[in-house]
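Summary of structural features
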Amino acid sequence: MNASKTAVVGDVAVDLHPFIRTYNDGRIERILRSTFVPASEDVAATRSAVVTRDVIIDEANGVSARLFLPSDAAAASDDGRRRRLPVVLYIHGGSFCTESAFCRTYHRYATSLASRAGVIVVSVEYRLAPEHPVPAAHDDAWAALRWAASPLSADPWLADHADPTRLFVAGDSAGGHIAYRTAVRASRNGVDIEGLVIIHPYFWGARMLPSEAAWDGGSVIRPETVESLWPFVTSGQSGNNDPLVDPSMDEIAGLTCRRALVAVAEKDFLRHRGLRLAARMRWAGGREVTVVESEGEDHGFHLYSPLRATSRRLMESIVQFINHRSESETASGWPAGVLPELHECAPLRACKGKVSRAQPLLSVPSRPYQGVFLNGLDLQARRGPRAMEINSSLTIGLRKMSNRGFGLFTARPKPNNCKASMGTLSASASVSSTTVGKNFL
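Source: prediction; values computed, not measured.

Focus on the overall build of the protein chain
Across its full length, the protein chain carries 12 helices and 15 strands. Considering the protein chain as a whole, with its 441 residues, one finds that 58% of them fall into the buried category. Taking all contacts inside the protein chain whose residues are at least 6 apart in sequence as the whole, residues at least 24 apart take part in 75%. For the protein chain, the accessible surface area stands at approximately 18200 Å², while carbon and sulfur atoms represent 51% of it.

Rendered as structure tokens:
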């Protein structure tokens, strides 16, 4: 669908509620936005464990960023040497056309991420559509990554505190899409990225997936908005068949980042695309892929309700992902017989014939892996590990989880007595669950 074909009601030309509305007289109304927050290097004034300041990355294009540095970054490590911190390039969401790295919502989120994970966050202020059509946002994020990854960076915070070998690219919603595209560009240009974190990412295509066509949920992201968004932010230059918004298997296979985390929300209409991308990254790239699903939540819930229990769990899963060192750099792919099920994100079946709601797919059970489930198992109610079986369709036997914690799973090959309910799997596994402590934001 082209932006020019969007129905006109009164003087409204394009209505992409709850993000943006344009009018026939050229006016632009940005519906989703929050208050500007100034940066501050004064810990006492901000009452935060993180100091912040703004930097200019590309003066010609107006690209800038806000840096977030834990105030204790100068503390020495146990061996007496200066502690080096991972760097997270964070790209905000907002449908390519709203929000800012300097607004209250994303200032607060990046502050929390820097504090909890012990990282330097480079939050990118990129150009917004429709004044600056996509791919301007992609170009700005790429400029920011090259700036952050440069060993000759003149910025003292990065020079003094950053670990150049531990670079992550992260983002949510449209920012998750931009983060993925930045990782693709980095792979093609030899920029080394350890991990990719995409939260409720925006992707689409020329046709709906079967699960999307059957969608009857009440997501804040409406199907008609998703259908109209890409033509709008590209000023009608691209349709929904654009490979930039619907990545090919060849492109995904070319990613060189070693690990990836994809977070989805149960009520989010974009959930199916996130799950499909995660499955394809694991299948095509042979890398560690962690999928986190938040039950009962919708798109972007963690940004606007950061103190909610599910928001805290999501933050903690990201913190653990960033601070977890990969045990293996390579892994075998998922069996071809299971691939169609993964791509369509079909419901998974438990071992005893029970059909349950689709659950996160973590990693192939042919080698040790780790993955985080939100609201997947009630772990705190148990004092010791309990074996859970994964059947040949990569299904996990489930039961209701309390809201008090989340599970961390470690899987190793073990004979599986469950009969296949879908496809065939050459390697099976048992999963033992352990309690991982209290969550916090």
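What to know about the packing of aromatic side chains
Counted by the stated rule, this structure contains 10 aromatic pairs. Centroid distance Trp215 to Phe269: 5.8 Å. Interplanar angle 70 degrees. Geometry classified as edge-to-face. Here Trp215, found in the loop between α6 (210-213) and α7 (223-233), pairs with Phe269, found in the loop between β10 (259-265) and α9 (271-285); they are 54 residues apart in sequence, far enough to count as distant. The buried category is assigned to Phe269, whose relative accessible area is 0%. Counting every residue linked through ring pairs, the aromatic cluster contains Tyr90, Tyr106 and Tyr109. Residue placement shows Arg53 over the ring face of Trp157; its charged tip is 4.6 Å from the ring centre. Sitting over the ring of Trp204, Arg273 keeps its end group 4.7 Å from the ring centre.

Quick notes on the side chain of His177
Mapped onto the secondary structure, His177 falls in helix α5 (residues 174-189). In this structure His177 comes out as buried when scored by relative accessible area, which is 0%.

A few points about the confidence of the model for the protein chain
The predicted coordinates ought not to be read in detail in places where the model reports low pLDDT. Confidence in the prediction for the protein chain averages 75 pLDDT; 68% of positions are at 70 or higher. In the predicted structure, residues 1-9 sits below a pLDDT of 50 and forms 15 contacts with residues beyond four places in sequence or in another chain. Contacts of residues 327-441 to residues separated by more than four positions or lying in other chains number 286 contacts, the stretch itself having pLDDT below 50.

Here's the deal with the pairing of strand β4 (residues 50-58)
The side chains of a regular strand alternate between both faces of the sheet. In the sheet, β4 pairs with strand β5 (residues 63-70) via 8 bridges, with the strands oriented antiparallel. By the bridge assignment, Val50 is partnered in β5 with Pro70. Joining the antiparallel neighbours β4 and β5 is a turn of 4 residues, in which Gly62 adopts a positive phi near 75 degrees.

A few points about the UniProt feature "active site" (unreviewed entry) in the protein chain
The sites that carry the UniProt feature "active site" (unreviewed entry) are, in the present numbering, Ser173. Following the sequence through the fold, Ser173 ends up in the loop between β8 (162-172) and α5. In this structure Ser173 comes out as buried when scored by relative accessible area, which is 9%.

What about the environment of Asp242?
Mapping Asp242 onto the fold places it in the loop between α7 and α8 (249-253). Asp242 sits in the buried class, given a relative accessible area of 11%. When the C-alpha atoms of Asp242 and Gly205 are compared, they prove to be 7.4 Å apart, with 37 residues separating the residues in sequence.

With respect to the sheet that holds strand β1 (residues 12-16)
Pairing in this open sheet of 3 strands is antiparallel, and the strands run β1-β2-β3 from one edge to the other. For this open sheet the edge positions go to β1 and β3 (28-30), each flanked by a neighbour on one side alone. Neighbour-to-neighbour, the strand axes of this sheet turn through a mean angle of 10 degrees, independent of strand direction. Inspection of the sheet shows β1 paired to strand β2 (residues 20-23) by 4 bridges, in the antiparallel sense. From the neighbouring strand, Val12 faces β2, where its bridge partner is Tyr23.

Some points on the nonpolar core
Counting residues in hydrophobic clusters, the biggest one holds 74 residues, and the most contacted among them are Ile91, Phe96, Val122, Leu145, Leu196, Tyr202 and Met281. Ranked by the residues each element gives to this core, the list is headed by helix α3 (residues 136-149), at 8 residues. Excluding anything up to four places from it in sequence, Val122 contacts Ala65, Arg66, Leu67, Val87, Val88, Leu89, Tyr90, Trp147, Ala148 and Leu158. By size, the runner-up hydrophobic cluster in this structure holds 29 residues, among which are Val88, Val119, Val197 and Met315.

Observations regarding α3
Over its 14 residues, α3 runs 20 Å from end to end, which matches the ideal 20 Å to within 8%, given 1.5 Å per residue. Extensive coverage of α3 is indicated by the burial of 11 of its 14 residues. Those residues of α3 lying buried are Ala136, Ala137, His138, Asp140, Ala141, Trp142, Ala143, Ala144, Leu145, Trp147 and Ala148.

Some remarks on the sheet that holds strand β9 (residues 195-199)
Across the sheet, which stays open at both edges, the 8 strands sit in the order β4-β5-β7-β6-β8-β9-β10-β11 with mixed pairing between neighbours. What marks the edges here is a single partner per strand, and that holds for β4 and β11 (288-294). Adjacent strand axes in the sheet meet at a mean angle of 20 degrees when their direction is disregarded. Relative to strand β7 (residues 120-125), α3 is tilted by about 150 degrees, and along the sheet it contacts β4, β5, β6 (85-91), β7 and β8.

The rules behind these values
- Residues numbered from 1 in each chain as written.
- Predicted model: local features only at pLDDT ≥ 70, side-chain atom pairs only at ≥ 80, totals over all residues.
- Heavy atoms only, no water.
- Helix = DSSP H or I, 4+ residues; strand = E, 2+ residues; numbered from the N terminus.
- Buried < 20%, exposed > 50% of the residue type's maximum accessible area, 1.4 Å probe, protein only.
- Contact = heavy atoms within 4.5 Å.
- Areas by Shrake-Rupley, 256 points an atom, 1.4 Å probe, with all protein chains shown as cover.
- Phe/Tyr/Trp six-rings, centres within 6.5 Å; stacked < 30°, edge-to-face > 60°.
- Lys NZ or Arg CZ within 6 Å of the ring centre and 35° of its normal.
- pLDDT = per-residue confidence, 0-100.
- Pairing = 2+ DSSP bridges.
- UniProt positions renumbered as here; feature names shortened; annotations may be inferred.
- Axes fitted to C-alpha atoms, helices over the stretch in contact; angles between N-to-C directions.
- Core = buried A, V, L, I, M, F, W, Y, C linked by side-chain atoms within 4.5 Å.
- Expected span 1.5 Å × (residues − 1).

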